[in-house]
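# Observations on chain architecture
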Amino acid sequence: MFAGLPLNTILLYNVILLMFYIWFVARYRKSSVSLLIITLFFAGLFSDARFFLNSNIVFNIYKIIIFIWTLKLFTKHINKKYLYKYRYLITAFVLFSIYFFVFTIFIHHDRLMLIFSQWSKYSIPVMFIIILRNEMKNIKKVNVFNKLFGTLIIAQIVLSVFKLINIQDYYEGLVGSITGLAGGGPGTTLPLLGLVWLMLNNKMNFKWKNILFFAGLLFIGLVTGKRAVLFLYPILFGMLYMLSAKNRSVLKSLQIYFSLILIMPILIYVGFRLNPTLNPDQKIWGQFDFDYAWNYALKYSTGSTSENDSGIQKGIGRVGAVNLIWDEIVNSGKNKTVFLLGNGLEYFTEDSFENYTNSSYFFGIDHRGSITGLIQFVLTIGLFGAVLFLIYLILMIRSLVTYKRLRYIILFLVLIDYIFYNSTIVQIPSLTVLLIFVMLLSQVKYKKTAVSINV
């Protein structure tokens, strides 16, 4: 047994992953950029090798190869025009990197391999901004990359179906090909990014293939056992649906708003009944009870319920954890210095898993699962590092999304993930690259340049 699954189940899943990877490589073998994107999306295949070899050597080699490969393509695609255009974004990342290295090497004395591994997660997407922006000057290549990302997203849906058939139950890890046995966070964020990609390609039109795509994206979250996606997916769906109504006739806009009123409750109803933790029967297709689901979500995130007027419980759940950190820093708590400067990267590796439910290890946060992306930055490199990275994120979105209404939606999505969730969008390179492509694609779409894709 590995991570709660039989060895033959894991082997079969990884054999299927390998077959998918070979198919993608064969199809896009002529494009080095496409091959790199594909390899990023199949990180789970290399990650799971650690369970068979009892060593991280394969995954570490994979990450080194990915970095060198990206750096090589970056040097090939360096364009003074784009370096100047994105100078504020690049400057923000350079400042963050200087801070990152100074604190991890000289203040916290972290291992060099660990430092490089963590920093590469953020530097690879930055290089991809220049790579993709340079490649996408050609409208034919825009179509090629659009088709590639669409096919990769569909592959995640197909793999999720196989995962359910193979395991015959919900399982937090094995999110398509993106993660291996460890890591289920993309089960929430991948469907949300996929939804933005879909909106840019079909303007939320309800053809049968699009309806299947909508359902398939949500299915990824359901088979990963994620609850947050059941709340965030309908919200993002509504925001994108209303965005698609812009510049349409009054009658068409009214039709869209009326459809939204009908669709949103259906998404919520089906989602709550399919997730055992969000219905009182605690089983698949249990009875629908919105109050029960809402109270569960409140208690899980804040330690409070609608019947409990005590408010957010500090350190309980993700919202409670953010509240605890904020209170310690603002009111000069006993851990303020630690939160300002961090504990180093090694603090949040093996030891944190061994102390998963040890609240004293996490300075009053109930368990490791309550630690959001923002808090992870605070606990490792300190508040200053977390703020520098936040500035970089905001500048990236501002620089790459020219259409303001969409910019606010993407900003909402990324900040919710960074501040109140586990920041997989910016900590898993494949998802960050997908985000970057979606933002660059929006520039093409809202310039009214035709980009066709058959999904």
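Since this is a predicted model, take the numbers as computed values, not measurements.

## Structural notes on the overall build of the protein
Along the protein, the regular secondary structure elements total 21 helices and zero strands. When its C-alpha atoms are laid out on the principal axes, the protein stretches across 55 × 55 × 50 Å. Out of the 455 residues in the protein, the part that is buried amounts to 53%. In the protein, 67% of the contacts between residues at least 6 apart in sequence involve partners at least 24 apart. Roughly 20,300 Å² of accessible area belongs to the protein as shown, and the carbon and sulfur atoms make up 65% of that amount. When the 42 positive and 18 negative side-chain charges of the protein are each reduced to one mean point, those points stand 23 Å apart.

## So, a nonpolar patch on the surface
On the surface, a cluster of nonpolar side chains totalling about 610 Å² of accessible area is made up of Leu-7, Leu-11, Phe-52, Leu-53, Ile-57, Ile-61 and Ile-65. Of all the elements in the fold, those that place two or more residues in the nonpolar patch are helix 1 (7-27), helix 4 (49-53) and helix 5 (57-77). It is helix 5 that contributes the most residues to the nonpolar patch, three residues altogether. Position of Ile-57 among the secondary structure elements: in helix 5.

## Here's the deal with helix 10 (residues 186-202)
If you check helix 10, its first and last C-alpha atoms are 23 Å apart, about what 17 residues at 1.5 Å a residue would give, namely 24 Å. Buried residues dominate helix 10, accounting for 17 of its 17 residues. Two residues or fewer past helix 10, Lys-203 is found with a positive phi of approximately 55°.

## Some points on the packing of helix 10 against helix 11 (residues 208-223)
With their axes 7 Å apart at the nearest point, helix 10 and helix 11 run at an angle of 165° to one another. If you check the angle between helix 10 and helix 11, you find them roughly antiparallel. Helix 10 and helix 11 meet at a crossing whose hand is right-handed. Contact residues: helix 10 offers Gly-187, Leu-190, Pro-191, Gly-194, Leu-195, Trp-197, Leu-198 and Asn-202, while helix 11 offers Asn-210, Phe-213, Phe-214, Leu-217, Ile-220 and Gly-221.

## Some points on the environment of Gly-187
As for its position among the elements, Gly-187 is in helix 10. Along the primary structure Gly-187 and Tyr-403 are separated by 216 residues, whereas in three dimensions their C-alpha atoms are 27 Å apart. Once residues lying within four places of it in the same chain are set aside, the contact partners of Gly-187 are Val-175, Ile-220, Gly-221, Thr-224, Lys-226 and Val-229.

## Some words on the packing of helix 11 against helix 12 (residues 228-243)
Remark: helix 11 packs on helix 12, axes separated minimally by 10 Å, with the N-to-C direction vectors making an angle of 155°. Classed by the angle they form, the pair helix 11 and helix 12 counts as roughly antiparallel. Judged by the sense of rotation from one axis to the other, the crossing of helix 11 with helix 12 is right-handed. In this structure, helix 11 uses Phe-214, Leu-217, Leu-218, Gly-221 and Leu-222 to contact helix 12, whose residues at the interface are Val-229, Leu-230, Tyr-233 and Phe-237. Considered class by class, the residues forming the contact of helix 11 with helix 12 number eight nonpolar, one polar and no charged.

## A look at the packing of aromatic side chains
Each aromatic ring pair is characterised by the separation of its centres together with the angle its planes make. Within this structure, the stated rule accounts for 43 aromatic pairs. With a centroid separation of 5.0 Å and 85° between ring planes, the pair formed by Trp-23 and Phe-24 is classed as edge-to-face. The structure contains a cluster of three or more aromatic residues connected by ring pairs, namely Phe-67, Phe-93, Phe-96, Phe-100, Phe-101, Phe-116, Trp-119, Tyr-122, Phe-377, Phe-389, Tyr-392 and Tyr-418. If you follow Arg-87 out to its NZ or CZ, it ends over the ring of Tyr-84, 4.0 Å from the centre. In this structure, Arg-368 packs its charged tip against the face of Phe-348, placed 4.1 Å from the ring centre.

## Remarks on a positive patch on the surface
A cluster of basic residues, Lys-81, Lys-85, Lys-137 and Lys-447, forms a positive patch on the protein surface. Counting through the fold element by element, Lys-447 comes out in the segment after helix 21 (429-445).

## Considerations on the environment of Ile-365
Take Ile-365: it is sitting in the loop between helix 17 (350-354) and helix 18 (373-400). As a C-alpha pair, Ile-365 and Tyr-171 span 194 residues in sequence and 25 Å in three-dimensional space. Apart from the residues lying within four places of it in its own chain, the contact partners of Ile-365 are Gly-315, Ala-321, Leu-324, Ile-325, Ser-359, Ser-370, Ile-371 and Ile-375.

## Remarks on the nonpolar core
Ranked by internal contacts, the top residues of the largest apolar core, which has 139 residues, are Ile-37, Leu-132 and Met-396. Aside from chain neighbours lying at most four places away, what touches Met-396 is Leu-89, Ile-129, Leu-435, Ile-436 and Met-439.

## A few points about the side chain of Glu-328
When you line up the elements, Glu-328 lands in helix 15 (residues 317-330). No salt bridge is formed by the buried Glu-328. Its closest oppositely charged neighbour is Lys-334, at 6.7 Å. At a separation of 3.1 Å, a polar atom in the side chain of Glu-328 contacts the main-chain amide nitrogen of Asn-335. Look past the residues within four positions of Glu-328 in its chain and what remains in contact with it is Gly-333, Lys-334, Asn-335, Lys-336 and Phe-339.

## Observations regarding unusual backbone geometry
One can expect most non-glycine residues to show negative phi and most peptide bonds to be in trans. Even without glycine at this site, His-109 takes up a positive phi of about 55°. With respect to the helices and strands, the residue His-109 is situated in the loop between helix 7 (87-107) and helix 8 (112-135). Given the relative accessible area of 58%, His-109 is considered exposed. Here Leu-174, not a glycine, exhibits a phi torsion of approximately 55°, which is positive. By the element assignment, Leu-174 lies in the loop between helix 9 (139-167) and helix 10. With a relative accessible area of 3%, Leu-174 lands in the buried category.

## Considering the side chain of Thr-372
Looking at where Thr-372 falls in the secondary structure, it is placed in the loop between helix 17 and helix 18. Apart from residues lying up to four places away in sequence, Thr-372 is in contact with Arg-318, Val-322, Tyr-418, Ile-419, Phe-420, Tyr-421 and Asn-422.

## Description of the confidence of the model for the protein
Per-residue confidence for the protein gives a mean pLDDT of 88, with 93% of residues at or over 70. Ranking the helices and strands of the protein by mean pLDDT puts helix 2 (residues 32-41) first, with 98, and helix 17 last, with 72. This stretch, residues 449-455, has a pLDDT under 50; its non-local contacts, to residues over four places away or in other chains, come to 20 contacts.

Thresholds, definitions, all that
Residues numbered from 1 in each chain as written. Predicted model: local features only at pLDDT ≥ 70, side-chain atom pairs only at ≥ 80, totals over all residues. Heavy atoms only, no water. Helix = DSSP H or I, 4+ residues; strand = E, 2+ residues; numbered from the N terminus. Buried < 20%, exposed > 50% of the residue type's maximum accessible area, 1.4 Å probe, protein only. Contact = heavy atoms within 4.5 Å. Areas by Shrake-Rupley, 256 points an atom, 1.4 Å probe, with all protein chains shown as cover. Lys, Arg positive; Asp, Glu negative; His and termini not counted. Charge placed at Lys NZ, Arg CZ, Asp CG, Glu CD. Patch = residues over 30% accessible without salt bridge, like charges linked within 9 Å, V, L, I, M, F, W, Y side chains within 5 Å. Salt bridge = Lys/Arg side-chain N within 4 Å of Asp/Glu carboxyl O. Expected span 1.5 Å × (residues − 1). Axes fitted to C-alpha atoms, helices over the stretch in contact; angles between N-to-C directions. Parallel < 35°, antiparallel > 145°, perpendicular 65-115°, else oblique. Left-handed = near helix turned anticlockwise from the far one by under 90°. Nonpolar A, V, L, I, M, F, W, Y, C, P; charged D, E, K, R; others polar. Phe/Tyr/Trp six-rings, centres within 6.5 Å; stacked < 30°, edge-to-face > 60°. Lys NZ or Arg CZ within 6 Å of the ring centre and 35° of its normal. Core = buried A, V, L, I, M, F, W, Y, C linked by side-chain atoms within 4.5 Å. Polar contact = N/O pair within 3.5 Å; in protein donor to acceptor, adjacent residues only side chain to side chain. pLDDT = per-residue confidence, 0-100.

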